[in-house]
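Each chain, written out:
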Amino acid sequence: MLSRRHLLTGATLLAASAAIPRAWAQGAPGPFKLDPLPYAPSKNEPHIDTQTMELHHGKHHAAYVNNLNAALSQNGELARMPLHEMLGRIGDLPESARSAIRNNGGGHANHTMFWQVMGGAGGEPSGELKSAIDRDLGGFQKFQTDFNTAGEKQFGSGWVFVTVNRDGKLALVAKPNQDTPLMDGQRVLMGNDVWEHAYYLKYQNRRPEYLKAWWNVLDWNKIGERYAAAKAGTLTI
Ligand code: MN
């Protein structure tokens, strides 16, 4: 927020206070904020350690939110746009803010989804979601294998996602950095973070071990809710 404070001086302050905070005060989606973790940071032990959860949420995710807000403070009109729409129109955004929004808006959306789908006890999906996995991803075992392989093969930092469309059709996709299928106009059912900050304290260079352990902390009820929301057209990030 330092750069934003620095910016908000003199005439700039008057202009900004006229244009931006009014939109924000009316319940518009910006500036963005870091929601608390939806469970205790120890909830995913022993598969994901408490310290990793604390740093990942309280430092890494927080930085994406702060940097996104800083980028938006210079582009007041964008602050009115919901995050998934902003990311869906990333190519149309002003060039001066585009990469900051790509990296930090993507980071905010990805991590918001990530905390939601974890905090559970693993196991397997059921009902409609199970049927969709059987139909589109070759069954739960093949899905896990293919997902983990995509995570191992993602060179450097990135994510592996399952996308879902309005018909409930699923697909696997890997993305570099903080890119997200939202940037292609798609919706994300679930995804795993393969940045080293997600696993290095506990697993060091052993990314495959982390990928395998991650399934033990998934909350299939939450993921099922996201699936239903996607089909109802109400899933955003
Ligand atoms: Mn991360």
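Quantities reported herein were computed from a predicted structural model and do not represent experimental measurements. (Residues numbered from 1 in each chain as written. Predicted model: local features only at pLDDT ≥ 70, side-chain atom pairs only at ≥ 80, totals over all residues. Heavy atoms only, no water.)

A. View of the environment of Thr 236. Tracing the backbone through its elements, the reader meets Thr 236 in the segment after α10 (220–232). With 151 residues separating them along the chain, Thr 236 and Glu 85 place their C-alpha atoms 8.7 Å apart. If near-sequence neighbours (up to four positions away) are discounted, Thr 236 is found in contact with His 84, Leu 182 and Arg 187. (Helix = DSSP H or I, 4+ residues; strand = E, 2+ residues; numbered from the N terminus. Contact = heavy atoms within 4.5 Å.)

B. Representation of the pairing of strand β2 (residues 170–176) in the model. Here strand β1 (residues 158–164) runs beside β2; their pairing, made up of seven bridges, is antiparallel. Paired with Thr 163 across the two strands is Ala 171, which belongs to β2. Between the end of β1 and the start of β2, which pair antiparallel, lie five residues, with Gly 168 showing a positive phi angle near 85°. (Pairing = 2+ DSSP bridges.)

C. Expanded view of the coordination of the manganese ion. In this structure, His 56 (NE2), His 111 (NE2), Asp 193 (OD) and His 197 (NE2) serve as the protein donors to the manganese ion, at separations of 2.0 to 2.1 Å. Each donor residue of the manganese ion belongs to the same chain, and together they define the spacing H-x54-H-x81-D-x3-H. Of this pair, His 111 sits in helix α5 (residues 95–117) while Asp 193 sits in strand β3 (residues 187–193), placing them 82 residues apart in sequence. According to the relative accessible area criterion, His 111 is buried, its value standing at 0%. (Donors = N, O, S within 2.8 Å, 3.2 Å for Na, K, Ca; no water. Buried < 20%, exposed > 50% of the residue type's maximum accessible area, 1.4 Å probe, protein only.)

D. The arrangement of the packing of α5 against α10 in detail. Packing of α5 against α10 brings their axes to within 8 Å, and their N-to-C directions diverge by 130°. Classified by the angle their axes make, α5 and α10 are oblique. For the pair formed by α5 and α10, the contact residues are Met 113, Gln 116 and Val 117 on the first element and Lys 222, Ile 223 and Arg 226 on the second. Of the residues assigned to the contact of α5 with α10, the class counts are three nonpolar, one polar and two charged. (Axes fitted to C-alpha atoms, helices over the stretch in contact; angles between N-to-C directions. Parallel < 35°, antiparallel > 145°, perpendicular 65-115°, else oblique. Nonpolar A, V, L, I, M, F, W, Y, C, P; charged D, E, K, R; others polar.)

E. Helix α6 (residues 127–137), seen in detail. Among the residues making up α6, those that are buried are Leu 129, Ala 132, Ile 133 and Leu 137. For α6, the angular spread of buried residues about the axis comes to 100°, placing them on one side. Check the buried side of α6 and you find it contacts α7 (140–153), β1, β2, β3 and α10. Directly after α6, the chain includes Gly 138, whose backbone phi takes a positive value near 80°. (Arc of directions from axis to C-beta.)

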